[in-house]
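# Secondary and tertiary structure notes
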Amino acid sequence: MRLSGGVLTAVPIGWRSADEPPVTLPRDPAREAARRELSKGMYHENDPSWYERAMDAFWDWIGKLFGTASAATPGGAIGLVVIVLAVLALVGALWWRLGTPHRTPASSARLFDDRPRSAAEHRAAAEAHAAQGHWNQAVQERMRAVVRSLEERALLDVRPGRTADEAASEAGRVLPAHADRLRTAARDFDDVTYGGRAAAEGTYRHLAALDDDLERTKPALAGSSASSATSTAHHSRQGAAE
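### Considerations on the side chain of serine 149
- Along the chain, serine 149 turns up in helix 5 (residues 135-152).
- In this structure, serine 149 is in contact with Ala119, Arg123 and Glu215, ignoring residues within four places of it in sequence.

### Quick word on the packing of aromatic side chains
- Applying the stated criterion to the full structure yields four aromatic pairs.
- On the basis of an interplanar angle of 35° and a centroid distance of 6.3 Å, the ring pair of phenylalanine 58 and tryptophan 61 is categorised as tilted. In this pair, phenylalanine 58 and tryptophan 61 are both assigned in helix 2 (residues 50-72), three residues apart and thus about one turn of the helix distant.
- On the basis of relative accessibility, which here comes to 38%, the residue phenylalanine 58 falls in the partly exposed class.
- Ring geometry for tryptophan 135 and tyrosine 204: centres 6.0 Å apart, planes at 40°, overall tilted.

### Remarks on the packing of helix 4 (residues 119-131) against helix 5
- Two numbers describe how helix 4 lies on helix 5: the axes approach to 8 Å, and their chain directions differ by 165°. Comparing their axes, helix 5 and helix 4 come out roughly antiparallel. For the element pair helix 4 and helix 5, the recorded crossing hand is left-handed. Between helix 4, through Ala119, His122, Arg123, Ala125, Ala126, Glu127, His129 and Ala130, and helix 5, the contact on the second element is made entirely by Trp135, Gln137, Ala138, Glu141, Arg142, Arg144, Ala145, Arg148, Ser149 and Glu152.
- Considered class by class, the residues forming the contact of helix 4 with helix 5 number seven nonpolar, four polar and seven charged.

Rules behind the numbers
- Residues numbered from 1 in each chain as written.
- Predicted model: local features only at pLDDT ≥ 70, side-chain atom pairs only at ≥ 80, totals over all residues.
- Heavy atoms only, no water.
- Helix = DSSP H or I, 4+ residues; strand = E, 2+ residues; numbered from the N terminus.
- Contact = heavy atoms within 4.5 Å.
- Phe/Tyr/Trp six-rings, centres within 6.5 Å; stacked < 30°, edge-to-face > 60°.
- Buried < 20%, exposed > 50% of the residue type's maximum accessible area, 1.4 Å probe, protein only.
- Axes fitted to C-alpha atoms, helices over the stretch in contact; angles between N-to-C directions.
- Parallel < 35°, antiparallel > 145°, perpendicular 65-115°, else oblique.
- Left-handed = near helix turned anticlockwise from the far one by under 90°.
- Nonpolar A, V, L, I, M, F, W, Y, C, P; charged D, E, K, R; others polar.

Next comes the structure, spelled out in structure tokens:
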């Protein structure tokens with residue numbers, strides 16, 4: 001305010017010093033200048049990393065999903081937890097009962113490779129693996145020794161594409177006293193070779209004992225059984241006639 005000729009006159013007051021030019025920057029350039037200023041690293045030193053941002057977004061999504069599921073589930077959050085635990089228990093039981101779900105069907109699995117070897121060679125390889133504690137390879141080679149031995153004794157026909165299950169089934173008809181052990185051996189071979197399971201020393205020892213027993217076992221031939229039955233019937237009739 002100042003007094004001029006007895007009249008009080010208002011005078012604009014400047015907020016900037018006389019040495020500084022007035023601010024005349026338009027709105028858009030001012031916004032761009034502010035953006036460039038705020039993009040400097042000094043303003044973002046404490047910002048969360050991309051990993052932290054991603055995890056925050058993930059947990060936010062989980063929270064929203066859980067909230068939606070809880071609202072749609074009888075019993076709310078507690079009911080949802082019970083359902084999840086029941087599903088996990090069922091999956092665990094199936095996994096324990098069925099094992100690793102990567103087993104190839106035995107019908108497509110060949111017992112032997114392309115290079116034929118004798119039963120003695122397979123037994124030697126099995127013993128070498130067993131001496132080193134390689135029970136998977138020992139079981140595989142001993143099962144091959146069992147089947148090759150039966151082929152060498154003409155109890156099984158030589159068939160390169162035969163599977164362990166097929167060999168056990170065919171050998172069980174010729175050696176019925178060992179049919180169950182042969183099926184067990186074939187199952188152990190398939191589990192180790194195609195089921196992703198690890199063999200134990202006991203598995204190999206049982207298979208080796210089966211191999212030894214089969215070597216001392218004579219086949220039950222159908223012709224011999226029929227002749228024995230005929231002879232028994234003949235002696236029975238002869239005794240009745242006397």
